[in-house]
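Chains, contacts and geometry: an overview
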Amino acid sequence: VQLQASGGGSVQPGDSLRLSCEVSGRMFSSNVMGWFRQAPGKEREFVALIRWGARTTYYGDSVKGRFTVSRDSDTVYLQMNSLKPEDTAIYYCAANNEFSFSYKTYDSWGQGTLVTVSS
């Protein structure tokens, strides 16, 4: 599976941004797609995930109520609303054969896209 992330940019606090992750290759209904982020000097953090088949979604506590993950065909989206400076990070999409919130278990990664939230 190959992943291509896009959509990052520089925005002001309170703005919205939508990230995309295009998936190439075979995905099964049991697979999951995760979004993670990594800020400078910090460990990679779970943001959201979606089950490929059922499209059930899960979110990290820091983004719950502000971010929405969804899938349309072979593209997974991360809609980010009410962005805060602490959301600044490189955002990665990743695929996994099993359900997991830990980035360490994901074996396919997109290249990352930078999101900067600053006034």
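So, how was this worked out
- Residues numbered from 1 in each chain as written.
- Predicted model: local features only at pLDDT ≥ 70, side-chain atom pairs only at ≥ 80, totals over all residues.
- Heavy atoms only, no water.
- Salt bridge = Lys/Arg side-chain N within 4 Å of Asp/Glu carboxyl O.
- Helix = DSSP H or I, 4+ residues; strand = E, 2+ residues; numbered from the N terminus.
- Buried < 20%, exposed > 50% of the residue type's maximum accessible area, 1.4 Å probe, protein only.
- 1 Å grid on protein atoms, 1.4 Å probe; cavity = no way out; pocket = protein on both sides within 12 Å on 5 of 7 lines; lining within 4 Å.
- Points joined across faces, edges and corners; volume = space filled by probe spheres on them.
- Disulfide = S-S within 2.5 Å.
- Phe/Tyr/Trp six-rings, centres within 6.5 Å; stacked < 30°, edge-to-face > 60°.
- Lys NZ or Arg CZ within 6 Å of the ring centre and 35° of its normal.
- Pairing = 2+ DSSP bridges.

Quick notes on the pattern of salt bridges
Across all of its chains, the model carries four salt bridges by this definition. When the shortest N-O distance is used, the salt bridge between arginine 66 and aspartate 87 registers 2.7 Å. Taken together, the positions of arginine 66 in the loop between strand 6 (57–59) and strand 7 (67–72) and aspartate 87 in the loop between strand 8 (75–80) and strand 9 (89–96) put the pair 21 residues apart, joining distant regions of the chain. Each member of the pair arginine 66 and aspartate 87 is classed as buried. Connected through shared salt-bridge partners, Arg37, Glu45, Arg66 and Asp87 make up one network.

Quick notes on the layout of surface pockets
To find the voids left in a structure, one rolls a probe of water-molecule size over its atoms. The volume enclosed by the largest pocket comes to roughly 170 Å³. Around the largest pocket sit 13 residues that line it, and Arg37, Lys42, Glu45, Glu86 and Asp87 are the ones nearest its centre.

Focus: the state of the cysteines
Per the stated rule, a full pass over the model turns up one disulfide. What pairs with cysteine 21 in a disulfide is cysteine 93, and their sulfur atoms sit 2.1 Å apart. Here the S-S torsion is close to 70 degrees, and the disulfide linking cysteine 21 with cysteine 93 is therefore right-handed. One end of the pair, cysteine 21, is in strand 3 (residues 17–24); the other, cysteine 93, is in strand 9, with 72 residues separating them in the sequence. On the basis of relative accessible area, cysteine 93 is assigned to the buried category, the value being 0%.

Overview of the packing of aromatic side chains
Tallied over the entire structure, the rule returns nine aromatic pairs. Aromatic pair tyrosine 58 and phenylalanine 101: ring centres 6.0 Å apart, planes at 65 degrees, arrangement edge-to-face. Of the two residues, tyrosine 58 sits in strand 6 while phenylalanine 101 sits in the loop between strand 9 and strand 10 (108–109), which places them 43 residues apart along the sequence. For phenylalanine 101, a relative accessible area of 42% translates into the label partly exposed. Here the aromatic cluster, defined as three or more aromatic residues joined through ring pairs, consists of Phe36, Phe46, Tyr58, Tyr92, Phe99, Phe101, Tyr106 and Trp109. Its guanidinium or amino end placed over the ring of tryptophan 109, arginine 44 lies 4.7 Å from that ring's centre, counting from NZ or CZ. Just above the ring of tryptophan 52 sits the side chain of arginine 71; from NZ or CZ to the centre is 4.1 Å.

Here we look at the pairing of strand 3
On any regular strand, side chains alternate: one points to one face of the sheet, the next to the other face. One ladder, built from five bridges, connects strand 1 (residues 2–6) with strand 3; its direction is antiparallel. Across the sheet, residue glutamine 4 finds its bridge partner in strand 3, namely glutamate 22. Summarising the sheet, strand 3 and strand 8 pair through six bridges and their orientation is antiparallel. Within strand 8, the residue paired with glutamate 22 across the bridge is threonine 75.

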